[in-house]
Amino acid sequence: MVSVAHLTASLRLVVATMLVCVVGYTLAILGIAQLFPETASGSLIRNDRGQIVGSARIAQNFTSPGYFWPRPSAAGENGYDATAASGSNLSPTSPEVRERGREIVESFGASESSPLPAELAAASGNGLDPHITVAGARYQVARVAGARDVSEDRINRLIDELAYTPGGFLTKTPIVNVLKLNLALDGLDVPGGDGSGEIAG
Amino acid sequence: MLEPVVFVALILGGTAALSWPLGRYMAWAMSPQADASGARAWTDLFCRIGGPPTRTAQTWKPYCVSLLAFNAVMFLVVFAILGLQPYLPLNPDGMGAVDESLVFNTTASFTSNTNLQHYSGESTLSYFSQLGGLMWLQFVSAATGIAALAALARGLSGQGKMGNFFVDLQRASFLVLLPVALVVATLMVILGMPMTLEGAVVATTLEGAEQVIARGPVAAFLTIKQLGTNGGGFFGPNATHPFENPTLWTNMLAMLSIIIIPMACVWMFGRIVGRVRHAGIVFAVMLVLLLVKITGAVTFETAPTQVFAELPIAGDTGNLEGKELRFGAASGPTWAVLTTSTSNGSVGAMHDSLNPLAGLMPMVGMWLNETYGGVGVGMINMFLYIVVAVFIAGMMVGRTPEYLERKVSAREVRLAMGALLVHATFILGGTALFAATSMGQTTVQDAGPHGFSEILYEFSSASANNGSGFEGLGDGTVAWNIATGLVMLLARYIPIILPLAIAGMLAAKPAAAKTAGTLGVEDSTFGVMLIATIVVFGALTFFPVAALGPVAEHLTYMQ
């Protein structure tokens, strides 16, 4: 049955496949990644002083009324932990989801006449979804405009500039990146600032 | 309604079209008799790498022994790598030692092409463990499946010798998986996926908080995870993570990667046995069953999150719990069906948070486990159903059943049924044991039908070598680690060895002359017979547990 020859052949195959499929393959893709330094290192965003303020792909928490708020997060104990990404993994019939929904409805002040867009109450699969729908952004415009003392028109224009449909004709719901939107808001405060964060490696 | 139809049609149609040339290429790459000098040169090289045992053509028994020997070595190597993690290099984030039962479970999981994960990669494993241990297994475990299918097809084409495992494994790794992975990973990098060996980065958020962002060599890992129907994510929440699936385009490319090699395996099988029309019928049967499941999942998932019904929350967007906005509405449930129908197990939305009946569809995928199934092994599973189907059809018309000109006798059917029942026994037996004892009861998120679904899903996933989960389950316990670890290993190798034995037995028989009464396997009658066999077998076996879990949850809670 199993002979020493089987084991030596197996070990020789281990070495060959490790060298080619792990070392060679990884180095090849790393090499190609050098051509795309920004996205390959995580689409990090830096401010004017060169500090990393986050990643364009990763949601961060916003609670102050002058910023747009992201979707709720089940990543880590307090949410938005980018080393412990996680969904709630709760059933849509779970009372815990209802309880979370109720708290969020309260914090947004939603009512029957002005219902909350659903993604603002539903946690994403990893807790780091960087987007909200345009409807979800419009829903927050009055609060943000009030807190910043800026006209709602101005903020709506920012949303229009940053809104996109991720798959063109394949998806009909336009979405917007919360961190980029909030950076653009901060840019409004700076005289002459256009608010666009600079993406750097 | 048009949007999801176009989305699904694009992915399935595009992948099916690409699977045809890929299947042709794979038949060439895996074919030992290729006259082409290119194939001969590769074979010579692989014989030199493997040494003396590569130079003999093997019958089914030595082939299986070689397969098991190499897989045992795979297991031991990675067990050592994970066990020694703190002492090994490429660990920029300083990951510590891993618990023994978790090392066993993870090694069994990746060796068996399952990739069930009772840990989160970004907080448990070093880059060395992820690349040198797990990603390596993602290549060679998938290559093991392709090798086994090639051997089965050679046996069914009437050859007593099924090839040489050590050569086949290298053909599948170097000629099939590696080139496809290089192309797809390059596209993933271009489309914006991270690929870096630098450790986590610290950001200061706009509100002044500190956010540590885990990163890594994701593009390389993710690609072979999808292509090899492995499914184990670099990050805990798998392909929902923005770094593991940044845009709708990476999402669509990943979905294509999930099914393309399982689809191409059907064509490769057809070409090696010399019956491409037969492969066409099998391909169509798989496609029909897949479409039924996708339609079900996408439809049931349009119902909004049930517990939001009485709150002032808009209900026009479907159930968004556990889903990413950048993938669109149809992506989550479509991915859920593709990943479970192929034994892949990566997730593009959280299955635990699907609506109850939408969550049933992934379970059906794992119970049937052959539409298109895992790389190589999906077609092997379908072969078992084919044996049963031709046997039943033969009995119905009172003829000795035949498959590919060999008479199928009771002995072969008994082995085929045995292999199918192994799968059912692990799922139903395991679920019964854990649902009835504290081993399972204390680990579920909610008591009642949803908790039952979580246990049922975990055993279905382990036995189908899938790897996805209803992740609300607290599956990081010693009992879960050991039980699912054993199920994954047994449910991997028994349904590879028994079909190869059947093929060996069939090959030893003389070819039966084709007569007017021979039941064809190349027409739609056979297709319908095959679907009926699968549906009846699946329904009789699994309907009771479906009723106790997802159906009961739907009837109790959904309005």
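In this text, all values refer to a predicted model and were calculated from it rather than measured experimentally.

1. Considering the overall build of chain B
Part 1: Within chain B, the regular secondary structure consists of 18 helices and four strands.
Part 2: Taken against the 2.2 N^0.38 rule, which gives 24 Å for 559 residues, the C-alpha radius of gyration of chain B at 23 Å falls within 12% of a compact globule.
Part 3: Expressed as a percentage of its 559 residues, the buried residues of chain B come to 63%.
Part 4: For chain B, the proportion of contacts with a sequence separation of at least 24, taken over those separated by at least 6, is 79%.

2. As for the overall build of chain A
Part 1: For chain A, the helix and strand inventory stands at six helices and five strands.
Part 2: When the helices and strands of chain A are listed from N to C terminus, the series reads α-α-β-β-α-β-α-α-β-α-β.
Part 3: The C-alpha radius of gyration of chain A comes to 23 Å, more than 25% above the 17 Å expected for a compact globule of 201 residues.
Part 4: Structurally, chain A occupies a C-alpha span of about 75 × 45 × 35 Å along its principal axes.
Part 5: Counting across all 201 residues of chain A, residues that qualify as buried make up 49%.
Part 6: The long-range fraction of contacts in chain A, counting pairs at least 24 apart against all pairs at least 6 apart in sequence, stands at 53%.

3. Some points on the domain arrangement of chain A
It is common to give the size of an interface as the accessible area lost on bringing the parts into contact.
Part 1: Here chain A is described as being made up of domain 1 (1-35) and domain 2 (42-199).
Part 2: Taking the mean C-alpha position of each, domain 1 of chain A and domain 2 of chain A sit 44 Å from one another.

4. Looking at the environment of proline 510 of chain B
Residues and elements named next belong to chain B.
Part 1: Note on placement: proline 510 falls in the loop between α17 (478-507) and α18 (524-557).
Part 2: Among the residues examined, proline 510 registers 9 C-beta atoms within 10 Å and is labelled exposed.
Part 3: Through-space distance from the C-alpha of proline 510 to that of lysine 407 is 8.5 Å; in sequence the pair is 103 residues apart.

5. Examining the confidence of the model for chain A
Part 1: Per-residue confidence for chain A gives a mean pLDDT of 92, with 94% of residues at or over 70.
Part 2: A low-confidence stretch, residues 192-201 of chain A (pLDDT under 50), is modelled with 25 contacts involving residues beyond four sequence positions or located in other chains.

6. Looking at the interface of chain A and chain B
Part 1: Each side of the interface is counted separately: chain A has 91 residues, and chain B has 100 residues.
Part 2: Only α1 (4-33), α2 (37-40), β2 (52-55), α3 (95-108), β3 (131-133) and α6 (178-189) of chain A provide two or more residues apiece to the side of chain A that touches chain B.
Part 3: For the side of chain A that touches chain B, the element with the most residues is α1 of chain A, which contributes 23 residues.

7. Some details on the pairing of strand β1 (residues 201-204) of chain B
Residue and element names in this part refer to chain B.
Part 1: Bridge count for β1 against strand β2 (residues 210-213) is four bridges, and the pairing is antiparallel. Bridging across to β2, alanine 203 finds its partner in glutamine 211.
Part 2: The antiparallel hairpin formed by β1 and β2 contains five residues in its connecting segment, where glycine 208 sits at a positive phi of about 90 degrees.

8. Some remarks on helix α8 (residues 218-227) of chain B
Part 1: With ten of ten residues buried, α8 of chain B is to be regarded as a mostly interior element.
Part 2: For α8 of chain B, the elements touching its buried residues are α1 of chain A together with α6 (127-156), α7 (165-190) and α9 (248-273) of chain B.

9. Quick notes on the pairing of β2 of chain A
Residue and element names in this part refer to chain A.
Part 1: Here strand β1 (residues 44-46) runs beside β2; their pairing, made up of three bridges, is antiparallel. In the strand pairing of β2, leucine 44 is matched with serine 55.
Part 2: Taken together, β1 and the strand that follows it, β2, pair antiparallel across an intervening segment of five residues, in which glycine 50 is found at a positive phi of about 85 degrees.

10. Some remarks on unusual backbone geometry
Part 1: Residue threonine 371 of chain B is joined to tyrosine 372 of chain B through a cis peptide bond whose omega torsion reads -10 degrees.
Part 2: Looking at the element boundaries, tyrosine 372 of chain B is found in the loop between α12 (356-368) and α13 (377-397).
Part 3: Phi at tyrosine 80 of chain A takes a positive value of approximately 60 degrees, unusual for a residue other than glycine.
Part 4: You can see tyrosine 80 of chain A is positioned in the loop between β2 and α3.
Part 5: Its 23 C-beta neighbours within 10 Å are what place tyrosine 80 of chain A among the buried residues.
Part 6: Here threonine 229 of chain B, not a glycine, exhibits a phi torsion of approximately 40 degrees, which is positive.
Part 7: Looking at where threonine 229 of chain B falls in the secondary structure, it is placed in the loop between α8 and α9.

11. A closer look at the domain arrangement of chain B
Residues and elements named next belong to chain B.
Part 1: Looking at the assigned domains, one finds that chain B contains domain 1 (2-265) and domain 2 (376-557).
Part 2: Its C-alpha centre places domain 1 at a distance of 24 Å from the equivalent point of domain 2.
Part 3: Contacts between the two partners involve 33 residues from domain 1, matched on the other side by 37 residues from domain 2.
Part 4: Looking at the side of domain 1 that touches domain 2, the elements with two or more residues in it are α3 (60-83), α4 (100-111), α6 and α9.
Part 5: Examining the composition of the side of domain 1 that touches domain 2, we find that eight residues originate from one element, α6, more than from any other.

12. Observations regarding the nonpolar core
Residues and elements named next belong to chain B.
Part 1: In this structure, Leu177, Ala219 and Val387 are the most contacted members of the largest nonpolar core, which totals 245 residues.
Part 2: Per element, the largest residue contribution to this core is 19 residues, and it comes from α6.
Part 3: The residues touching valine 387, leaving out its near neighbours within four places in the chain, are Tyr403, Val408, Glu412, Val413, Ala416 and Ile502.

13. A look at the packing of α6 of chain B against α17 of chain B
Residues and elements named next belong to chain B.
Part 1: Packing of α6 against α17 brings their axes to within 8 Å, and their N-to-C directions diverge by 20 degrees. The angle between α6 and α17 places the two elements in the roughly parallel class. Crossing hand, α6 versus α17: left-handed. Contact residues: α6 offers Ala148, Ala151, Leu152, Gly155 and Leu156, while α17 offers Ile496, Pro499, Leu500, Ala503, Gly504, Leu506 and Ala507.
Part 2: Residue classes in the contact of α6 with α17 are distributed as ten nonpolar, two polar and no charged.

14. So, the confidence of the model for chain B
For residues with low pLDDT, the predicted coordinates do not support detailed interpretation.
Residue and element names in this part refer to chain B.
Part 1: A residue-level look at chain B finds 99% of positions with pLDDT of 70 or above and a mean pLDDT of 94.
Part 2: When pLDDT is averaged over each element of chain B, α7 comes out on top at 98 and helix α2 (residues 37-50) at the bottom at 87.
Part 3: Reported confidence for the predicted complex is 0.95 by ipTM and 0.95 by pTM.

Rules used in this analysis
- Residues numbered from 1 in each chain as written.
- Chains lettered and ligands numbered in written order.
- Predicted model: local features only at pLDDT ≥ 70, side-chain atom pairs only at ≥ 80, totals over all residues.
- Helix = DSSP H or I, 4+ residues; strand = E, 2+ residues; numbered from the N terminus.
- Rg over C-alpha atoms; globule rule 2.2 N^0.38 Å.
- Buried ≥ 20, exposed ≤ 12 C-beta atoms within 10 Å, placed from the backbone.
- Contact = placed C-beta atoms within 7 Å.
- Domains from an automatic or database assignment.
- pLDDT = per-residue confidence, 0-100.
- Pairing = 2+ DSSP bridges.
- Core = buried A, V, L, I, M, F, W, Y, C linked by C-beta atoms within 7 Å.
- Axes fitted to C-alpha atoms, helices over the stretch in contact; angles between N-to-C directions.
- Parallel < 35°, antiparallel > 145°, perpendicular 65-115°, else oblique.
- Left-handed = near helix turned anticlockwise from the far one by under 90°.
- Nonpolar A, V, L, I, M, F, W, Y, C, P; charged D, E, K, R; others polar.

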